[in-house]
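Listed here are the chains, written in short residue letters.
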Amino acid sequence: MRMAATFCNLNPGSGLKKLNECLLHQSYMTRYYLDSKRSSYFLCNGRKLLHSTYRRQLEVRKGHQSQWVYLVSKSDYSGTTNEEEKEDGVSRATLIWRAVKLPMYSVALVPLTVGSAAAYFQTGICSARRFFVLLASSVLVITWLNLSNDVYDFDTGADKNKKESVVNLVGIRTGTLVAAYSLLALGFVGLTWVSMEAGSIRSIMLLACSIICGYIYQSPPFRLSYQGLGEPLCFAAFGPFASTAFYLLQGSTRKMNHLPISGTILSASILVGITTTLILFCSHFHQVEGDKAVGKMSPLVRLGTRRGSKAVKVTVITLYVLAFALGLINALPFTSILLCAFTLPMGKVFVTYVEDNHKVSDKLDNQKIFMAKYYCVRFHALFGAALAAGLVVARMMGERYVPRLILF
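These notes cover the structure that comes with them. (Residues numbered from 1 in each chain as written. Predicted model: local features only at pLDDT ≥ 70, side-chain atom pairs only at ≥ 80, totals over all residues. Heavy atoms only, no water.)

### A few points about the overall build of the protein chain
Logical step 1: Looking only at helices and strands, one finds 18 helices and zero strands in the protein chain.
Logical step 2: The burial tally for the protein chain puts 43% of its 408 residues in the buried class.
Logical step 3: Carbon and sulfur atoms make up 67% of the accessible area of the protein chain, which amounts to about 22800 Å² in all. (Helix = DSSP H or I, 4+ residues; strand = E, 2+ residues; numbered from the N terminus. Buried < 20%, exposed > 50% of the residue type's maximum accessible area, 1.4 Å probe, protein only. Areas by Shrake-Rupley, 256 points an atom, 1.4 Å probe, with all protein chains shown as cover.)

### Some details on the packing of aromatic side chains
Logical step 1: Within this structure, the stated rule accounts for 10 aromatic pairs.
Logical step 2: An angle of 70° between the planes, with centres 6.2 Å apart, marks the rings of Tyr 215 and Phe 222 as edge-to-face.
Logical step 3: Over the aromatic face of Tyr 226 sits the side chain of Lys 296, whose NZ or CZ is 5.3 Å from the ring centroid.
Logical step 4: Directly above the ring of Tyr 375 sits Arg 378, whose terminal nitrogen or CZ lies 4.9 Å from the centroid. (Phe/Tyr/Trp six-rings, centres within 6.5 Å; stacked < 30°, edge-to-face > 60°. Lys NZ or Arg CZ within 6 Å of the ring centre and 35° of its normal.)

### A closer look at the packing of helix α6 (residues 128-156) against helix α9 (residues 201-218)
Logical step 1: Running from N to C, α6 and α9 cross one another at 10°; their axes reach a closest spacing of 10 Å. It follows that α6 is roughly parallel to α9 by the angle criterion. Counted together, Val 141, Trp 144, Leu 145, Ser 148, Asn 149 and Tyr 152 of α6 and Ile 211, Gly 214, Tyr 215, Tyr 217 and Gln 218 of α9 form the full contact between these two elements.
Logical step 2: When grouped by side-chain class, the residues that make up the contact of α6 with α9 number seven nonpolar, four polar and no charged. (Axes fitted to C-alpha atoms, helices over the stretch in contact; angles between N-to-C directions. Parallel < 35°, antiparallel > 145°, perpendicular 65-115°, else oblique. Contact = heavy atoms within 4.5 Å. Nonpolar A, V, L, I, M, F, W, Y, C, P; charged D, E, K, R; others polar.)

### A short note on the pattern of salt bridges
A pair can form between side chains of opposite charge whenever their charged atoms are brought close.
Logical step 1: One pass over the full model with this rule turns up five salt bridges.
Logical step 2: The partner of Asp 153 in a salt bridge is Lys 296, and the shortest N-O contact between them spans 3.7 Å. Here Lys 296 lies in the loop between α12 (288-293) and α13 (299-303) and Asp 153 lies in helix α6, a separation of 143 residues in the sequence.
Logical step 3: Judged by relative accessible area, which is 3%, Lys 296 ranks as buried.
Logical step 4: Across the pair Arg 173 and Asp 155 runs a salt bridge, and its minimum N-O distance is 2.7 Å. Linking Arg 173 in helix α8 (residues 173-198) with Asp 155 in helix α6, this pair joins segments that are 18 residues apart in sequence.
Logical step 5: Classification of Arg 173 by relative accessible area gives partly exposed; the value is 30%.
Logical step 6: Relative accessible area serves as the criterion here: at 37%, Asp 155 is assigned to the partly exposed category. (Salt bridge = Lys/Arg side-chain N within 4 Å of Asp/Glu carboxyl O.)

### Re helix α5 (residues 106-123)
An α-helical turn contains 3.6 residues, so any two residues separated by three or four positions project in the same direction.
Logical step 1: Here α5 contains 18 residues, and its C-alpha end-to-end distance of 25 Å stays within 8% of the 26 Å for a straight helix at 1.5 Å per residue.
Logical step 2: Most of α5 is tucked away, with 15 of its 18 residues classed as buried.
Logical step 3: Looking one or two residues beyond α5, the residue adopting positive phi is Gly 124, at roughly 75°. (Expected span 1.5 Å × (residues − 1).)

### Focus: a nonpolar patch on the surface
Logical step 1: The grouping of Ile 96, Trp 97, Val 100 and Leu 102 at the surface amounts to a nonpolar patch, some 380 Å² of accessible area in total.
Logical step 2: On the basis of relative accessible area, Trp 97 is assigned to the partly exposed category, the value being 45%. (Patch = residues over 30% accessible without salt bridge, like charges linked within 9 Å, V, L, I, M, F, W, Y side chains within 5 Å.)

Structure (structure tokens):
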């Protein structure tokens, strides 16, 4: 009876309800366990992914830092940083072009061309083969002059801030000097060979004097350029010595090896010497402060840039007056004087450029006056071409040559 009463007191609805609650609780605990396990799994993977990503970013950052340190150390070693290049506004390619000084080799071409034209004017003889051998030999000698000058100016400290110096660019002082004198030896061999073929001892003596002028101009123990004597030496070397020697070599043969040195070649060589000396004078405008610091008393250091610009103007005027006077006394043919007169516009442009830019107050002004020597090179080449062309045209027009002022 008691069991029946107990059984009868049980509510079927409440039993099912309790059973359902029990099943729901068990299902919830199962899902909670699975969700917590899945969450911990994803959390672990997320942490691994985060650590690997951070590690890669750290490695990339370290790589960038090491690369930056390498570039900085490399720029410090070379002595030229990007900031300095931006500040100077001069690229390395431009510095190499300036170091080569290709336009400056007109100082080898013009004396040879004028001397050959003077020989043709007098004798009607001009050897193309000799011309190119002499040109190649002269280029080698001028290369020696440029390279050795860079070496000796490096030794004295005159080229300390000259970025286009060959020694500063390559960083090899002894090798540059050895290369310079090797080129001088090769050039002198070529000059000697032509002199022997022409049978002219006077020409090789004149060329030797020209080379000696170049040596005592820059080399120790003389270094006469530091005493302000560079311009007179340049005038003698490229004017009377070199131009006259090329005249003798082009006009001489073994049958006629005693060609007279007359007023025509002497007059032409003086004009060539003046224009060549102007190039050297103008190349010092942007180096006045550096030359003064090491005691290199060039004419521009003594005069200053303002009076130096006036000296350029006076020299160019004197050049044209002298050429006209030589034409009046018939030392030079009329055609040469006429063609030289056509170079007046270029001469005016050159003089005006120097007068407008001679004052150096900052790096921009220094870069502008740096170009003065290239304006002078153009003027020098154009005037020399006009002078030589006038001599050739005079011969072709049948102008009779009468020797005047024969020296020896």
